[in-house]
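# Summary of the model geometry
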Amino acid sequence: MEISKICERFSLEGEVVSYAPYGEGHINSTFLVETTEKKYILQKVNGVVFKNPVEVIENIDLVTAFLREKIIAEGGNPERETLTLIPAKNGGKYIISDDGELYRMYIFIDETKCYQLIENSDILYKAAKAFAKFMKNVADFDASQLHETIANFHNTADRYNNFIKAVEADKVGRLASVAAEVEFVKARKADTELVVSKLQSGELPLRVTHNDTKVNNILMDAKSGEGLCVIDLDTVMPGSLLYDFGDSLRFGASSAAEDETDLDKVYFRLEMIEAFAKGFLEEMSECITKSEVELLAFSVKLLTLECGMRFLTDYLDGDNYFKIHYPNHNLDRARNQFKLVSDMEMKMEQANDIVRKYYPF
Ligand code: ADP
Ligand code: GN1
Ligand code: MG
């Protein structure tokens, strides 16, 4: 359905003058909409990834309303420091297009910077503080109100089983070309079970977490450089702090883009791990547990392995989940992540020493 027709169904200020694809997300279809008065972000929520997109909106509506109150109480600007859903003309917070897709509209948060590759460690230090602050802010949110928008999202044992199923099904005949990558994952099966089992036994606490802490899911204030707004709230659900810590560094501490194919250029930057650990632990020192701190460095490896495994699963399934820009894109992403996993295995002791500097264990 035409974007202009979709826009007409939301209560926007001014007349729409332009719209264009925006951002580098892998999941939703995002557009910048400009009217004679304001800028907005329009998103088609990915209906393959989110089986019940209405539940995604319900979660975001609740979480942003909760954050809004806190931001106001602290004297902040809620329209810049959290997402704001624009009402549709039918009174809801989303519309369903004639072709059955769910669209939502947000205030566009202007004068910000969104990093695809982290240029210096100060950016990551500030991102860590912002993600940790987000976690602290939602710590007293009633998790029973939240829908599980993607079942078992970071359940790495479950992800492993799905990966094995994709290998066995070999749906599109690509298995022969990825034998080495499949063996790489199989050799690390035990890693995929560790955090899951500690969460089940209660050794690790369950918290309300963001679950998609890629650094391009944070907007930094263009003037101050500070972390301003944590966005992409589609997967805010109960989870482990380790998921948010590990996933941020998977992306933010890498020396190269997630799909860099020259693997000599792909490695973990220890100074980035240090900057993030410092910012995160400065914010979280009061509430983080020893069981979590001990696994922070491991979480970087685990979330990178998980992501590589997910890219490879999608490649074997025929590229149904992540947006791709060329045929082998998911395979290139998987190889890139596995290079990072190997690198992290070599740097694990150094990474643990870094964490100990900011929180002895
Ligand atoms: P995806 O789930 O596909 O990653 P995101 O919600 O992360 O979608 O949005 C994709 C990109 O669009 C972000 O990385 C960011 O650059 C931009 N973006 C999203 N929401 C806003 C907003 N409210 N204001 C400004 N930019 C935004
Ligand atoms: C997706 O939506 P986006 O692009 O911020 C994915 C993450 C992956 C990431 C890999 C809902 O994040 O889990 O880690 O791609 N989001 C979802 O780049 O699956
Ligand atoms: Mg995103």
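Numbers given to residues run from 1 along each chain, matching the order in which its sequence is written. To label them, take the chains in the order written and letter them from A, then take the ligands in the order written and number them from 1. Residues qualify for local features only when their pLDDT is at least 70, as the model is predicted, and side-chain atom pairs are given and counted only at 80 or more; totals for whole chains, interfaces and linings, by contrast, use all residues. The side-chain figures draw on all heavy atoms in the structure; neither hydrogens nor water molecules are used.

### With respect to the site of ligand 2
When we say a residue is near a molecule or strand, we mean one of its heavy atoms is within 4 Å of it. Close to ligand 2 lie 18 residues; H26, K214, E258, R310 and Y321 are nearest. The separation between an oxygen atom of ligand 2 and a polar side-chain atom of K214 is 2.7 Å. Coverage of ligand 2 by the protein amounts to 98% of the 440 Å² it exposes when considered alone. Ranked by residue count, the leading element in the shell around ligand 2 is helix α11 (residues 296–317), at three residues. Note on residue categories: nonpolar means Ala, Val, Leu, Ile, Met, Phe, Trp, Tyr, Cys or Pro, charged means Asp, Glu, Lys or Arg, and polar means any other residue, Gly included. Grouping the constituent residues of the shell around ligand 2 by class yields seven nonpolar, four polar and seven charged. Pairing of N or O atoms within 3.5 Å defines a polar contact, subject to two protein rules: one partner must be a possible hydrogen donor and the other a possible acceptor, and residues neighboring in sequence count only if both atoms are side-chain atoms. Surface accessibility follows the Shrake-Rupley procedure with a 1.4 Å probe radius. Residue values consider only the protein chains on display as shielding. Per the convention used, a helix needs a DSSP run of H or I reaching at least four residues, while a strand needs a run of E reaching at least two, with both numbered from the N terminus.

### Concerning the layout of surface pockets
Think of a ball as big as a water molecule: rolled over the atoms, this probe shows where empty space is left. Only protein atoms enter the 1 Å grid used here, on which a cavity is any set of points holding a 1.4 Å probe that cannot leave and a pocket is any open set flanked by protein within 12 Å on both sides along at least five of seven lines; residues with an atom within 4 Å of a point are listed as lining. Grid points are joined across faces, edges and corners, and a volume is the space filled by probe spheres set on the points. Space inside the largest pocket adds up to approximately 830 Å³. What lines the largest pocket is a set of 45 residues, and nearest its centre among them are G25, N216, N217, I231 and D232. Within the residue set of the lining of the largest pocket, elements represented by two or more residues are β3 (39–44), β5 (102–107), α8 (241–252) and α11. With five residues, α11 is the single largest residue contributor to the lining of the largest pocket. Split into classes, the residues belonging to the lining of the largest pocket amount to 21 nonpolar, 13 polar and eleven charged. Mapped onto the domain boundaries, the lining of the largest pocket takes at least three residues apiece from domain 1 (3–110) and domain 2 (121–358). As a volume, the second largest pocket reaches approximately 490 Å³. Together, 18 residues line the second largest pocket, and R159, N162, T313, D317 and Y321 are the ones closest to its centre. With four residues, α11 is the single largest residue contributor to the lining of the second largest pocket. Looking at the lining of the second largest pocket, its residues break down into six nonpolar, five polar and seven charged. What counts as a domain boundary in this text is fixed by an automatic or database domain assignment.

### Description of the coordination of the magnesium ion (ligand 3)
Looking at the metal site, the magnesium ion (ligand 3) is ligated by N217 (OD1) and D232 (OD), spaced 2.2 Å from it. Highlighted residues: N217 in the loop between β7 (207–209) and β8 (218–221) and D232 in the loop between β9 (227–230) and β10 (237–239), separated in sequence by 15 residues. For N217, a relative accessible area of 5% corresponds to the buried category. Any nitrogen, oxygen or sulfur atom within 2.8 Å of a metal ion counts as a donor, with the limit raised to 3.2 Å for Na, K and Ca, and since water is left out, coordination shells can look unfinished. Each residue is placed in one exposure class: buried if its accessible area under a 1.4 Å probe, protein chains only, is under 20% of its type's maximum, exposed if it is over 50%, and partly exposed if it falls in between.

### Observations concerning helix α9 (residues 270–284)
Helix span is expected to be 1.5 Å times the residue number reduced by one. Taking 1.5 Å per residue, 15 residues should reach 21 Å; α9 reaches 20 Å between its end C-alpha atoms and fits that length. Within α9, burial applies to M272, I273, A275, F276, A277, G279, F280, L281, E283 and M284.

### Some remarks on the site of ligand 1
Of all residues adjacent to ligand 1, which total 20 residues, the nearest are N28, Q43, I109, N216 and D232. Within the backbone of N28, an N or O atom sits 2.8 Å from an oxygen atom of ligand 1. Measuring from an oxygen atom of ligand 1, one finds a side-chain N or O atom of D232 at 2.9 Å. Its free accessible area being 550 Å², ligand 1 has 96% of it covered by the protein chains. Assignment to a cavity or pocket requires that more than half of a molecule's atoms be within 2 Å of the site's grid points. Its atoms largely coinciding with the cavity grid, ligand 1 occupies the largest pocket. Across the shell around ligand 1, the residue classes tally to eleven nonpolar, eight polar and one charged.

### Some points on the packing of aromatic side chains
Each aromatic ring pair is summarised here by two numbers: the centre-to-centre distance and the angle between the ring planes. Here the aromatic set is Phe, Tyr and Trp, taking the six-membered ring for Trp, and pairing holds for ring centres within 6.5 Å; pairs whose planes are under 30 degrees apart are stacked, those over 60 apart are edge-to-face, and all others are tilted. Evaluation of the coordinates by the stated rule reveals nine aromatic pairs. Look at Y22 and F108: their rings are 5.7 Å apart centre to centre, the planes differ by 80 degrees, and that puts the pair in the edge-to-face class. On the criterion of sequence distance, the pair formed by Y22 in the loop between β1 (16–21) and β2 (29–35) and F108 in the loop between β5 and β6 (112–113) is long-range, its members being 86 residues apart. Relative accessible area serves as the criterion here: at 12%, F108 is assigned to the buried category. Pairing F66 with F141 gives two aromatic rings, centres 5.1 Å apart and planes at 80 degrees, and the pair type is edge-to-face. A residue pair is termed long-range when its members are at least 10 positions apart, and F66 in helix α2 (residues 53–73) and F141 in the loop between α4 (121–137) and α5 (156–169) qualify at 75 residues.

### Here we look at unusual backbone geometry
Phi at E111 takes a positive value of approximately 55 degrees, unusual for a residue other than glycine. Here E111 lies in the loop between β5 and β6. Phi at D170 takes a positive value of approximately 40 degrees, unusual for a residue other than glycine. In this fold, D170 is placed in the loop between α5 and α6 (179–186). Its relative accessible area of 24% is what places D170 among the partly exposed residues.

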